[in-house]
Amino acid sequence: MSDIPHIIKYMGSKRSILNFVVNTIDDATEENNKRIYDLFGGSAVVSGSFRNKIAVTCNDIQSYTAILAGTYLNNYNWSKYDDNILDKIVKEATNKVLTFKKKYYDFNFNYDDSISYKEMLDLEKQQQKLLTLSFNGLDHLFVKNFSGTYWSYDQCVWIDAISSVARSSDYKDSFLFNIIMSSLMFAMAYTTQSTGHYAQYRDITKDNLSDILFYRKKNILPLFKQKFSSLKEIYNGSNNSDFDHKFTNLDYGELLKDIEENSIVYADPPYQFVHYSRFYHALETLVKYDYPEVKFKGRYRTDRHQSPFCIKTKVKNAFSSMFQSVFDKRSTLVLSYSDTGMITLDDLINLAGTHFRGYIISIKQIDYKHSTMGRQKDKNRDVKEALLVCKAPV
């Protein structure tokens, strides 16, 4: 499945075991199954794998997933735009950056190679104080909320500018919106000084000073252009699909109420107590661009979603509700889970047996190195990834 382009770093991504997941879904699919529902789309790579196979509804309560899914599943009519469309977008973003810096000319936060530890700390604190300032006009969400945290002030100016171009009337309602935003997410992932997600940015120490400085000096624009060009080459219009793909941002329970009967439901819920809304809140804010109230060191949104699959007292009922909803629609379920999850695999199998009466229930497992993306002692953890298949009778 190497044809699914990489866009963001994602803790729950199935990219490294994509063949295992996709082949299992393929094996469970019958002729009468007309649509796959990806309930917890996440990075959308599983949905993207079915682009030219079957109609897909990629769902996730997090808004950024719809952008990624749109990139992987949209049809592309590049003839609507000039061949130099990227140059045009870059010019528009550059003008916005220049306009912003002209208006706020007194904001100068320069990272010199010879900067000392003390100077670096002071420079970061100056930028972090922008959160308390009022800005008049011009898009400034990331400058205000995130300068000196996950990104530098200059990087945030570019994030705001490129996002502003994407949301303009020229691109907002076209496939280019997803391409621009996905390319920006890629650039953000590879310029942030954090460890691959946005749960916390790293505090500067004398030991990591040079590493953080390296990321502070990286430029958003070259990475944005690189990813845009790559996506344009891959999705050049020759591989457009005849399927009616959809991208939704619903709670999984709401989506299950309206799925078509005899469908395939792929579910990859969270396995642990950590909420993905904490790890990827910055991407959610980028897509919504709604100037949310933010709190704590991590600058988290105060409206972050809390999943019942991450709460010990709620996880069993959440699975029961999901299982029953899929059964009521006479659909087939393929569930991704881990032997280190909030509920044991044996309990899951037993629970499935009480709901999927008359179904064929099986389980497949594969050894898998789960990335913790930044923990010092166990950056990769050996787990068994399981696929629980509850197949509807034909």
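Look up: the structure comes first, before these words.
Bear in mind that the values here come from a model prediction, so they are computed numbers and not experimental data. (Residues numbered from 1 in each chain as written. Predicted model: local features only at pLDDT ≥ 70, side-chain atom pairs only at ≥ 80, totals over all residues. Heavy atoms only, no water.)

In this structure, what is going on with the nonpolar core? I would like to understand it.
Nonpolar side chains in soluble globular proteins tend to be buried together. Counting residues in hydrophobic clusters, the biggest one holds 103 residues, and the most contacted among them are Phe142, Trp151, Phe224 and Phe228. Here this core takes 12 residues from helix H8 (residues 175–189), the largest share from any one element. Ranked by size, the runner-up nonpolar core spans 33 residues in total, among them Tyr37, Leu39, Ala386 and Ala392. (Core = buried A, V, L, I, M, F, W, Y, C linked by side-chain atoms within 4.5 Å. Buried < 20%, exposed > 50% of the residue type's maximum accessible area, 1.4 Å probe, protein only. Helix = DSSP H or I, 4+ residues; strand = E, 2+ residues; numbered from the N terminus.)

What is the right way to read the side chain of Asp160 from this model?
Considering the arrangement of structural elements, one finds Asp160 in helix H7 (residues 153–166). The buried charged residue Asp160 lacks any salt bridge partner; its closest oppositely charged side chain belongs to Arg167, at an N-O distance of 6.0 Å. From its side chain, Asp160 meets the backbone nitrogen of Leu141 in a polar contact 3.4 Å long. Filtering out sequence-adjacent residues up to four positions away, Asp160 remains in contact with Asp139, His140, Leu141, Phe142, Val143, Arg167 and Tyr289. (Lys, Arg positive; Asp, Glu negative; His and termini not counted. Salt bridge = Lys/Arg side-chain N within 4 Å of Asp/Glu carboxyl O. Polar contact = N/O pair within 3.5 Å; in protein donor to acceptor, adjacent residues only side chain to side chain. Contact = heavy atoms within 4.5 Å.)

What should I look at first to understand the side chain of Ser331 in this one?
Relative to the helices and strands, Ser331 is located in the loop between helix H14 (315–328) and strand S7 (332–338). There is a polar contact of 2.9 Å between the side chain of Ser331 and the backbone nitrogen of Ser263. Discounting residues that sit within four places of it in the chain, Ser331 has contacts with Ile259, Glu260, Glu261, Asn262, Ser263, Val265, Val326, Tyr359, Cys390 and Ala392.

Explain the packing of H7 against H8 here, please?
Axes are the key here: two packed helices are described by the angle between their axes and the distance separating the axes. Here H7 crosses H8 at 165°, and the two axes come no closer than 9 Å. In this view, H7 runs roughly antiparallel relative to H8, as classed from their interaxial angle. Here the hand of the crossing between H7 and H8 comes out left-handed. Residues Ile159, Ile162, Ser163 and Ala166 of H7 lie in contact with H8, whose contacting residues are Phe177, Ile180, Met181, Leu184 and Met188. Its residues assigned to classes, the contact of H7 with H8 comprises eight nonpolar, one polar and no charged. (Axes fitted to C-alpha atoms, helices over the stretch in contact; angles between N-to-C directions. Parallel < 35°, antiparallel > 145°, perpendicular 65-115°, else oblique. Left-handed = near helix turned anticlockwise from the far one by under 90°. Nonpolar A, V, L, I, M, F, W, Y, C, P; charged D, E, K, R; others polar.)

Could you clarify how one ought to interpret H7 in this entry?
Taking 1.5 Å per residue, 14 residues should reach 20 Å; H7 reaches 20 Å between its end C-alpha atoms and fits that length. The buried count for H7 comes to 13 of 14 residues, which makes it a mostly enclosed element. (Expected span 1.5 Å × (residues − 1).)

How do you make sense of the pairing of strand S2 (residues 55–59) when you look at a structure like this?
Two faces belong to every sheet, and in a regular strand the side chains alternate between them. Most of S2 is tucked away, with five of its five residues classed as buried. The alternating pattern of S2 places Ala55, Thr57 and Asn59 on one face and Val56 and Cys58 on the opposite face, and all of these are buried. As defined by bridge partners, strand S1 (residues 35–38) adjoins S2 across four bridges and the pair is classed as parallel. Across the sheet, the residue bridging to Arg35 is Ala55, located in S2. Strand direction decides the pairing type here: S2 and strand S3 (residues 246–248), joined by three bridges, are parallel. Opposite Cys58, over in S3, you have Phe247 as the bridge partner. (Pairing = 2+ DSSP bridges.)

Any chance you could explain the environment of Val45 here in plain terms?
Following the sequence through the fold, Val45 ends up in helix H2 (residues 45–48). Judged by relative accessible area, Val45 falls into the buried class, the value being 3%. When the C-alpha atoms of Val45 and Asp211 are compared, they prove to be 30 Å apart, with 166 residues separating the residues in sequence. In contact with Val45, not counting residues within four places along its chain, are Ile4, Ser13, Lys14, Arg15, Leu18 and Tyr72.

Explain the packing of aromatic side chains here, please?
Pairs of aromatic rings are described using the distance from one ring centre to the other and the angle between the two planes. The tally for this structure, following the rule as stated, stands at 41 aromatic pairs. Taking the centre distance of 5.2 Å and the plane angle of 40° together, the rings of Trp151 and Tyr198 count as tilted. A residue pair is termed long-range when its members are at least 10 positions apart, and Trp151 in the loop between helix H6 (141–146) and H7 and Tyr198 in the loop between H8 and helix H9 (209–216) qualify at 47 residues. The class for Trp151 is buried, based on a relative accessible area of 0%. Residue Tyr198 is classed as buried on the basis of its relative accessible area of 3%. With a centroid separation of 5.8 Å and an interplanar angle of 45°, the aromatic rings of Phe319 and Phe323 are classed as tilted. (Phe/Tyr/Trp six-rings, centres within 6.5 Å; stacked < 30°, edge-to-face > 60°.)

Quick question: what am I supposed to make of the pairing of S1 here?
Residues of S1 alternate between two faces, with Arg35 and Tyr37 on one and Ile36 and Asp38 on the opposite face, all of them buried. Inspection of the sheet shows S1 paired to strand S4 (residues 264–267) by three bridges, in the parallel sense. From the neighbouring strand, Tyr37 faces S4, where its bridge partner is Val265.

What am I meant to see in the packing of helix H5 (residues 117–128) against H9 here?
Taken N-terminus to C-terminus, the directions of H5 and H9 make an angle of 45°; their axes are 11 Å apart at the nearest point. If you check the angle between H5 and H9, you find them oblique. In the packing of H5 onto H9, the handedness of the crossing is left-handed. Where H5 approaches H9, its residues Tyr117, Met120 and Glu124 are matched on the opposing element by Leu209, Ile212, Leu213 and Arg216. Grouping the constituent residues of the contact of H5 with H9 by class yields five nonpolar, no polar and two charged.

How should helix H4 (residues 85–103) be read in this particular structure?
Residues spaced three or four apart along an α-helix point in a common direction, a consequence of the helix completing one turn every 3.6 residues. When the terminal C-alpha atoms of H4 are compared, their 27 Å separation across 19 residues agrees well with the 27 Å that a helix rising 1.5 Å per residue should span. Turning to H4, its buried residues number three or more, namely Ile85, Leu86, Ile89, Val90, Ala93, Val97 and Phe100. The buried residues of H4 all sit within an arc of 135° when viewed along its axis, so they share a single face. Exposed side chains of H4 directed beyond 90 degrees from the buried face belong to Asp87, Lys91, Leu98 and Lys102. Buried residues along H4 sit in contact with H6, H7, H8 and helix H10 (220–234). (Arc of directions from axis to C-beta.)

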